[in-house]
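Structural overview
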Amino acid sequence: MKVMSAIESCRTAALGGHVARCEKCSHTQIAYNSCRNRHCPKCQGAAAKEWLAAREAELLPVPYFHVVFSLPAQIADIAYQNKAVIYDLLFKASAETLITIAADPKHLGARVGVLSVLHTWGSALTHHPHVHMIVPGGGFALNGERWVACRPNFFLPVRVLSRLFRRMFLERLDAAHRAGQLQFFGKHLALTNAQAFAAYLAPLRNSEWVVYSKRPFGGPEEVLRYLARYTHRVAISNRRLVTLDDKGVTFKWKDYRVDGPERYKLMTLDTHEFIRRFLMHVLPQGFHRIRYYGLLASAVRASNIARAREMLAVPLLPIDAIRAATTKPDESKSPEHPCPCCGGRMIIIETFERGSSPKYRPRPTPVIRIDTS
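The following refers to the structure shown. Since the structure is predicted, the reported quantities are computational estimates derived from the model, not experimental observations.

**Let's talk about the pattern of salt bridges**
Under the definition given, this model contains 16 salt bridges. Residue Lys92 is joined to Asp88 by a salt bridge in which the shortest nitrogen-to-oxygen separation is 3.1 Å. Of this pair, Lys92 and Asp88 both sit in helix H4 (residues 83-103), 4 residues apart, which is roughly one turn of the helix. With relative accessibility at 44%, the residue Lys92 sits in the partly exposed group. A salt bridge links Glu96 to Arg172; the shortest N-O distance between them is 2.6 Å. In this pair, Glu96 sits in helix H4 while Arg172 sits in helix H5 (residues 158-178), placing the two residues 76 residues apart along the sequence. Look at Glu96 and you get partly exposed, because its relative accessible area is 33%. The partly exposed category is assigned to Arg172, whose relative accessible area is 25%.

Below you can see the structure in the form of structure tokens.
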């Protein structure tokens, strides 16, 4: 598989690299190129930092809310076989639900903006599709003439959101089935039949779907930092991996059903099962896991943020100027990749192509023997 091939080659001689030497202490090290695959646990760190900085520069001086829409397990089962269709429905149904309820004068009566990020995993690498949203606590009045703020510490009623989301999603899912957009395999093969599919969905029409909405204690920056760990990465990071041996792969996970220190546990999976769970979260090629809706839709985001700042009496500064204001020009910039020994600047002294080895060879560390006799 293309993803696994990229991850296996990441930061190895197969992708080439360079040799860098510190201009102060002459410490020299070999750095291999990364695969830059969005599903690689070792890559995309720089892209995540850039994304975080750009989103922080767009924050408004209003309360923000963290909203999560989750799919029930029965939908998650068939979503694995229909990722592009069902994940897209999850994005659209959740965003339309929130925008519709927010525009209702009985609730907020405002046009709002939504930043939505797809997650498909739980801590144990199980398949758990859900979207995390960052939403400003207010929006433009329906006539567009003023900013409408939500109540303190309350955005929209989750029960109302849950029921409209359930209806919107199931209607679109049923339409996708009628249009022949869904495929079923294995134990779900019978769901190709319209009546069997309707019977499968029937219990979900009366069950409660999970929607979470809360103002984060640490402010929007905290939620953005949380999401930035996942926007450009995938289900598990290398720091959670503990061992790999004949028994399988052991990794850290968090049991949310348990409170206190006991919730942090270790899990060991057979190697093939670990790889299977990891690959469940590989997205279809070209699928966007970060999306913007309403006032934050990409085509109008910059103008709407400027308009909102005007309504909120915030000085109108270009976003680039806001980013520049957060840095102190009188401070010397630290090296992007400092020397691990002295913190000095590392200078590239050699590059080598894919499949090649560097000409530089590290000198063996001298062994110092101390006579204690």
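**Regarding the sheet that holds strand S9 (residues 211-214)**
Read from one edge to the other, the open sheet built from 5 strands follows the order S9-S3-S6-S5-S13, with strand pairing classed as antiparallel. A single partner strand is all that each edge strand has here, and the edge strands are S9 and strand S13 (290-294). Geometrically, the sheet is characterised by an average inter-axis angle of 20° between neighbouring strands, direction not taken into account. For strand S3 (residues 64-70) and S9, the ladder comprises 4 bridges, and the chain directions are antiparallel. Residue Val68 lies in a different strand from S9, and its bridge partner there is Tyr212.

**A closer look at empty space enclosed by the protein**
Applying the stated criterion across every chain, the model contains 1 cavity of 30 Å³ or more. Counted as a void, the largest cavity has a volume near 200 Å³. Residue lining of the largest cavity: 19 residues in total, with Glu58, Tyr64, Pro136, Leu296 and Ile305 positioned closest to the centre. Within the residue set of the lining of the largest cavity, elements represented by two or more residues are strand S5 (113-121), strand S6 (127-136) and helix H9 (301-311). Across the lining of the largest cavity, the residue classes break down as 14 nonpolar, 2 polar and 3 charged.

So, how was this worked out
- Residues numbered from 1 in each chain as written.
- Predicted model: local features only at pLDDT ≥ 70, side-chain atom pairs only at ≥ 80, totals over all residues.
- Heavy atoms only, no water.
- Salt bridge = Lys/Arg side-chain N within 4 Å of Asp/Glu carboxyl O.
- Helix = DSSP H or I, 4+ residues; strand = E, 2+ residues; numbered from the N terminus.
- Buried < 20%, exposed > 50% of the residue type's maximum accessible area, 1.4 Å probe, protein only.
- Pairing = 2+ DSSP bridges.
- Axes fitted to C-alpha atoms, helices over the stretch in contact; angles between N-to-C directions.
- 1 Å grid on protein atoms, 1.4 Å probe; cavity = no way out; pocket = protein on both sides within 12 Å on 5 of 7 lines; lining within 4 Å.
- Points joined across faces, edges and corners; volume = space filled by probe spheres on them.
- Nonpolar A, V, L, I, M, F, W, Y, C, P; charged D, E, K, R; others polar.

Spatial relationships are all this shows, so hold off on functional conclusions.
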